[in-house]
Amino acid sequence: MGDYLVRATAEGGAVRVLAALTTRLVEEARRRHGTWPTATAALGRAITAAALLGATLKGRQTVTLRVLGDGPVGGIVADADAWGRVRGYLKNPQVDLPLKPHGKLDVGGAVGRRGFLHVVRDYGLKEPYAGSCPLVTGEIAEDLTAYFARSEQTPSAVGLGVLVGKGGRVRAAGGFVVQLLAGAPDSLAARVEAAVQRVSSVSGLIEAVRNPVGLASRVLEGFTLRVLGRRRLRFSCRCSRAKTRELLVVLGLEELRELYRTRRGAEMVCRFCGRAYRFSGRHLLQLMNLEGDGGRRPEAGRERGPGA
Ligand code: ZN
């Protein structure tokens with residue numbers, strides 16, 4: 001079964017739950033970026049969080065999550081769109097820290113406990129909605145909980161888990177968000193809190209149930225859930241040769257000339273998916289001409305033949 005997420009409600013809509021299974025998605029990210037176990041967990045949690053944040057996107061809307069902590073993985077970026085396409089990367093994939101007590105991966109140590117979590121919701125309006133919040137633990141779930149409370153004024157409980165097996169492969173990944181609608185009675189809030197606190201290991205639970213509906217039911221044990229919708233999730237990058245070419249143009253004429261002079265070409269690697277786009281010397285010459293440099297085309301390339 002592939003990855004997907006579900007949206008559900010309980011108590012006549014007063015409780016909202018999102019649950020996602022992202023095992024394949026996170027394994028694909030691990031494979032593309034060559035992440036080591038603690039980095040795999042950090043990136044996987046961020047990717048799962050982006051998928052959950054994107055659960056209600058429509059049309060061309062996107063959401064981007066940035067986790068910028070002072071730990072060894074450096075910054076993490078993940079985004080999602082309305083088609084369930086999710087992607088992400090981090091600065092330093094080769095991070096593996098000693099396990100914490102109970103054998104848990106030290107994501108907080110890898111991300112760092114000082115820094116910020118930023119969310120940008122681009123709904124295709126004039127200005128995207130951007131919110132941020134200081135990191136609490138660097139474990140990402142607690143940080144996202146703080147973000148929901150502070151920036152979106154929504155009391156939430158967030159759980160994110162990535163289980164890395166022997167050999168570094170992802171055995172299970174996923175997460176949930178439980179939210180209370182404004183005006184919910186304190187007694188309901190207490191019941192939800194008690195239910196969520198019974199979840200001791202998110203990744204263990206995901207490995208046990210292996211589907212989002214089961215995950216939501218186990219997190220909100222004792223509540224009757226009404227499933228509102230499902231969405232398939234997959235690792236998919238929106239990069240293209242045309243977009244990469246634009247990035248090359250943005251480098252400017254001097255840098256293009258330098259690339260042509262020293263390397264007779266350029267290679268641009270998409271940070272999100274690791275795909276490499278190669279541009280030959282001939283391409284660089286064309287770009288430089290497009291830039292209006294008709295008079296000062298590098299002559300050397302003509303003699304030696306461009307397109308190395
Ligand atoms: Zn890409």
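Here is what the cut-offs are and how they apply
- Residues numbered from 1 in each chain as written.
- Predicted model: local features only at pLDDT ≥ 70, side-chain atom pairs only at ≥ 80, totals over all residues.
- Heavy atoms only, no water.
- Buried < 20%, exposed > 50% of the residue type's maximum accessible area, 1.4 Å probe, protein only.
- Helix = DSSP H or I, 4+ residues; strand = E, 2+ residues; numbered from the N terminus.
- Pairing = 2+ DSSP bridges.
- Donors = N, O, S within 2.8 Å, 3.2 Å for Na, K, Ca; no water.
- Tetrahedral: all angles 85-135°; square planar, octahedral: opposite > 155°, others 65-115°.
- Core = buried A, V, L, I, M, F, W, Y, C linked by side-chain atoms within 4.5 Å.
- Contact = heavy atoms within 4.5 Å.

J.: Would you explain the pairing of strand β4 (residues 76–81) in this entry?
T.: Along a regular strand, successive side chains alternate from one face of the sheet to the other. When you tally the buried positions in β4, you get six out of six residues, the bulk of the element. The two faces of β4 match: Ile76, Ala78 and Ala80 on one face and Val77, Asp79 and Asp81 on the other face are all buried. In this structure, strand β3 (residues 62–69) lies alongside β4, joined through six bridges in antiparallel fashion. Directly across from Thr64, in β4, lies its bridge partner Asp79. Between β3 and β4, which pair antiparallel and follow one another directly, the connecting turn spans six residues, one of which, Gly74, has a positive phi of 75°. Two strands pair when backbone bridges link them, and β4 and strand β5 (residues 85–90) are joined in this way by five bridges, in the antiparallel orientation. Residue pairing in the sheet places Ala80 in a bridge with Val86 of β5.

J.: Mind showing me how you'd approach the coordination of the zinc ion here?
T.: Angles at a metal have ideal values that depend on geometry: 109.5 degrees with four tetrahedral donors, 90 or 180 degrees with six octahedral donors. Protein coordination of the zinc ion is provided by Cys237 (SG), Cys239 (SG), Cys270 (SG) and Cys273 (SG), with donor distances spanning 2.2 to 2.3 Å. Given four donor atoms and angles of 106 to 115° at the metal, the environment of the zinc ion is assigned as tetrahedral. For the zinc ion, the single-chain donor residues occur in sequence as C-x1-C-x30-C-x2-C. Taken together, the residues span a long stretch of sequence, with Cys239 in the loop between β11 (234–235) and α8 (241–250) and Cys270 in the loop between β12 (265–269) and β13 (276–280) at a distance of 31 residues.

J.: Explain the nonpolar core here, please?
T.: General note: in soluble globular proteins, nonpolar side chains tend to be found buried as a group. Membership of the largest hydrophobic core comes to 72 residues, with the highest contact counts inside it found for Ile76, Val111 and Leu248. Contact partners of Leu248, with chain neighbours within four places excluded, come to Leu256, Leu259, Ala266, Met268, Phe279, Leu284 and Leu287. Within the second largest apolar cluster, 28 residues are counted, among which are Ala19, Leu21, Leu180 and Val219.

J.: How do you make sense of unusual backbone geometry when you look at a structure like this?
T.: Most peptide bonds are trans, and most residues other than glycine sit at a negative phi. A positive phi angle, near 70°, is found at His102, a position not held by glycine. Looking at the element boundaries, His102 is found in the loop between β5 and α3 (107–111). Classification of His102 by relative accessible area gives exposed; the value is 79%. Positive phi, normally seen in glycine, also occurs at Gln153, with a value near 50°. Mapped onto the secondary structure, Gln153 falls in the loop between α4 (141–151) and β8 (156–164).

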